[in-house]
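# Summary of the model geometry
Here is how the chains run, residue by residue.
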Amino acid sequence: MKKLLVVLTVLFCVVGCSSKKESLNFNKLEKDLLSSSYFSNHEVVSQDALEKRDSLDLKNVKNVLMISSKDYNDASMILIADKSVKSEIDSFVSAYNDQWVKMNYFPEEAELVKKATYKVMGDYVVYIVSKENDSVLKMINL
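Residues numbered from 1 in each chain as written. Predicted model: local features only at pLDDT ≥ 70, side-chain atom pairs only at ≥ 80, totals over all residues. Heavy atoms only, no water.

### Side note on the overall build of the protein chain
Our working definition: Helix and strand definitions here come from DSSP, where helices need a minimum of 4 consecutive H or I residues and strands a minimum of 2 consecutive E residues; each element is numbered from the N-terminal end. Only heavy atoms matter for contacts: two residues are in contact if any of them lie within 4.5 Å across the pair. The protein chains shown are the only cover counted for residues, whose accessible areas, like all others here, come from Shrake-Rupley with a 1.4 Å probe.
Looking only at helices and strands, one finds six helices and five strands in the protein chain. Listing the helices and strands of the protein chain from first to last along the sequence gives α-α-β-α-β-β-α-α-β-β-α. Pairs at least 24 residues apart make up 56% of the contacts formed inside the protein chain by residues separated by at least 6 positions. Total accessible area on the protein chain stands at roughly 9,200 Å², and carbon and sulfur atoms take up 51% of it.

### A word on the pairing of strand S4 (residues 117-121)
The following threshold applies: Strands are treated as partners if at least two bridges between them are detected by DSSP.
The pairing of S4 with strand S5 (residues 124-129) spans five bridges and is classified as antiparallel. Bridging from a neighbouring strand, Met121 pairs with Tyr124 of S5. Hairpin connection, S4 to S5: the antiparallel pair is bridged by two residues, and Gly122 has positive phi, about 60 degrees.

### A look at the packing of aromatic side chains
The condition is simple: Stacked, tilted and edge-to-face are the three classes applied to pairs of Phe, Tyr and Trp rings, where Trp contributes its six-membered ring and a pair requires centres within 6.5 Å; stacked means planes under 30 degrees apart, edge-to-face means over 60, and tilted covers the rest.
Throughout the structure, instances matching the rule amount to eight aromatic pairs. An aromatic cluster of three or more residues is present, and its members are Tyr72, Phe92, Tyr96, Trp100, Phe106, Tyr118 and Tyr127.

### A few points about the pattern of salt bridges
Basically, it comes down to this: In what follows, salt bridge is the name for a side-chain nitrogen of Lys or Arg lying within 4 Å of a carboxyl oxygen of Asp or Glu. Buried means the residue's accessible area, taken with a 1.4 Å probe over protein chains only, is under 20% of the maximum for its type, while exposed means over 50%, and partly exposed covers the values in between.
What the rule picks out here adds up to six salt bridges. Residue Lys28 is joined to Asp32 by a salt bridge in which the shortest nitrogen-to-oxygen separation is 2.7 Å. Of the two residues, Lys28 and Asp32 are both situated in helix H2 (residues 26-35); the distance of four residues between them amounts to about one turn of the helix. Take Lys28: its relative accessible area is 47%, and that puts it in the partly exposed class. Of the charged contacts, one joins Lys114 and Glu111 as a salt bridge, the two residues approaching to 3.1 Å between their closest N and O atoms. A residue pair is termed a helical-turn pair when its members lie 3 or 4 positions apart in one helix, as Lys114 and Glu111 do in helix H5 (residues 107-114) at three residues.

### Side note on the pairing of strand S2 (residues 64-69)
In terms of residue burial, S2 counts as a mostly covered element, since six of its six residues are buried. The sheet contact formed by strand S1 (residues 42-45) and S2 spans four bridges and is antiparallel. Paired with Glu43 across the bridge in S2 is Ser68. Here five bridges tie S2 to strand S3 (residues 77-82), and the two strands are oriented antiparallel to one another. Across the sheet, Ile67 pairs through a bridge with Ile78, a residue of S3.

As structure tokens, then:
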């Protein structure tokens, strides 16, 4: 009986007490996404530009990656950030949706935004606007 308790205790500590934090290799992810066909005419948006242009408060965020199109008429993009700033990202997503869907200057792009993927994955918030959201999500591999 004692052996069983010891084995169960050890097993519980190994499985139940593990606090492995999920992390992404943002440099590799950036290269993979930019070299994919989904974001071929895109560029990385600096954190400074995100804060100024999109009014996001990301001062305390270590991990953020935004890739957006170089063309003004292409809504496809991806944004990945620590989930600690989810409320900031919620506001961004709402404004992005308003910009493309409500104004509807480019109906095909508005449809992409309507079908965007927005979810919390592990320790990150992920927002994807592309023609193949599921495929892009698989590239993130969390």
